[in-house]
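Here's the letter readout for the chains.
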Amino acid sequence: MSGYSTWRQGHGLCLLIVLGVALVLVLPMLLTNCPQGHDIRHHLIFSHHFTEQFWQGELYPRWLQKMNAGFGSPTFFFYAPLPFWITALLSAPFWIDQVTGYPLILAASLALLASGISAYYWLRALTCRRYACPLALLYMALPYHLLIDLYMRFAFAEFWSFVWVPLIFLGLRQLMQAQASGRLLLPMALALALQVMTHLPTFITLLPVLGGYALLLTRRSAWRRLLTALLAMLLGGLLSAIYWLPAMTTQHY
């Protein structure tokens, strides 16, 4: 009944519109057997070896064993793993033994759709549905997001980070405005952890913006909610420490 009510309120129609526009925006990539972009060669190789080791039972491949003519590469001691876990799951049981762009195409298409959905729910908390839907479509089609990150650079990890940013702002807003903010602590921390595990530079860039936004909301909120937000950030860091702690402590190698 609640699902029908949501559809009746127009959310379902808006999400269908987001889906349709996302499909149109990625159509040039879907019609090829390999995406283009400056970094595509690296992501093809990384995705292939990560997927191969993942399906051999290594759930978090850090050292890619077969790269560099068998000498290996410490690629995922540095690069965040989450986007490549997604390509690994999309590769099963196909394309594991060959270097192909299909998992990357599917993952990038999913990222664009998910970014539109997350932007819609964030914007819906700020304004009415009449504005939230077109603004979510604009978020997907922003030149840097779509043209630069996807089609020109194929900055795969940074492209996925656009999914989590709206959820982080939504989580922070809900946490700062809720009467019982404790129950919103974990969703906020999880969104932050997903961002860290996707693209650490975006997270670092985002931190001062989140701090300023939290202070802005504190004018109308109790200061203990600000402490709850800081606790959520700390918890998000702990949840993603499996990635960033080795990445930060092995830089000298």
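Our structure is the block above this text.
Q: I keep staring at the overall build of the chain and nothing clicks. Help me out?
A: Check the secondary structure of the chain and you find 13 helices and 0 strands. Listed by position from the N terminus, the elements making up the chain come as α-α-α-α-α-α-α-α-α-α-α-α-α. Residues classed as buried in the chain amount to 50% of the 253 residues present. The contacts of the chain with a sequence gap of at least 6 include a subset with a gap of at least 24, amounting to 72%. When the accessible area of the chain is evaluated, it comes to approximately 13,100 Å², of which 70% is carbon and sulfur surface.

Q: Hey, could you run me through the nonpolar core in this one?
A: Generally speaking, nonpolar side chains in soluble globular proteins are found buried as a group. Core analysis: the largest hydrophobic core is formed by 73 residues, its most contacted members being Leu112, Phe154, Trp160, Leu172, Leu210 and Tyr243. If you tally residues by element for this core, the top one is helix α9 (residues 156–177), at 12 residues. Leave out the neighbours within four places in its chain, and Phe154 touches Met29, Pro35, Gln36, Gly37, Asp39, Ile40, His43, Leu104, Ala108, Ile148 and Asp149.

Q: Can you walk me through the environment of Ile86 in this structure?
A: Assignment of secondary structure puts Ile86 in helix α5 (residues 82–91). For Ile86, a relative accessible area of 16% puts it in the buried group. Distance in space between the C-alpha atoms of Ile86 and Ala108 is 9.8 Å, their sequence separation being 22 residues. Once residues within four sequence positions are removed from consideration, Ile86 is found in contact with Ala107, Leu110 and Trp160.

Q: Please clarify how the packing of aromatic side chains should be interpreted in this entry.
A: We describe a pair of aromatic rings using the distance from one ring centre to the other and the angle between the two ring planes. A complete count under the given rule lists 16 aromatic pairs for this structure. Residues Phe76 and Phe84 carry aromatic rings whose centres are separated by 5.0 Å and whose planes lie at 70° to one another, so their mutual orientation is edge-to-face. Just as Phe76 is buried, Phe84 falls in that class too. Put simply, the rings of Phe46, Phe50, Tyr60, Phe76, Phe78, Tyr79, Phe84, Trp85, Phe154 and Phe156 touch in pairs and so form one group of aromatic residues.

Rules used throughout
Residues numbered from 1 in each chain as written. Predicted model: local features only at pLDDT ≥ 70, side-chain atom pairs only at ≥ 80, totals over all residues. Heavy atoms only, no water. Helix = DSSP H or I, 4+ residues; strand = E, 2+ residues; numbered from the N terminus. Buried < 20%, exposed > 50% of the residue type's maximum accessible area, 1.4 Å probe, protein only. Contact = heavy atoms within 4.5 Å. Areas by Shrake-Rupley, 256 points an atom, 1.4 Å probe, with all protein chains shown as cover. Core = buried A, V, L, I, M, F, W, Y, C linked by side-chain atoms within 4.5 Å. Phe/Tyr/Trp six-rings, centres within 6.5 Å; stacked < 30°, edge-to-face > 60°.

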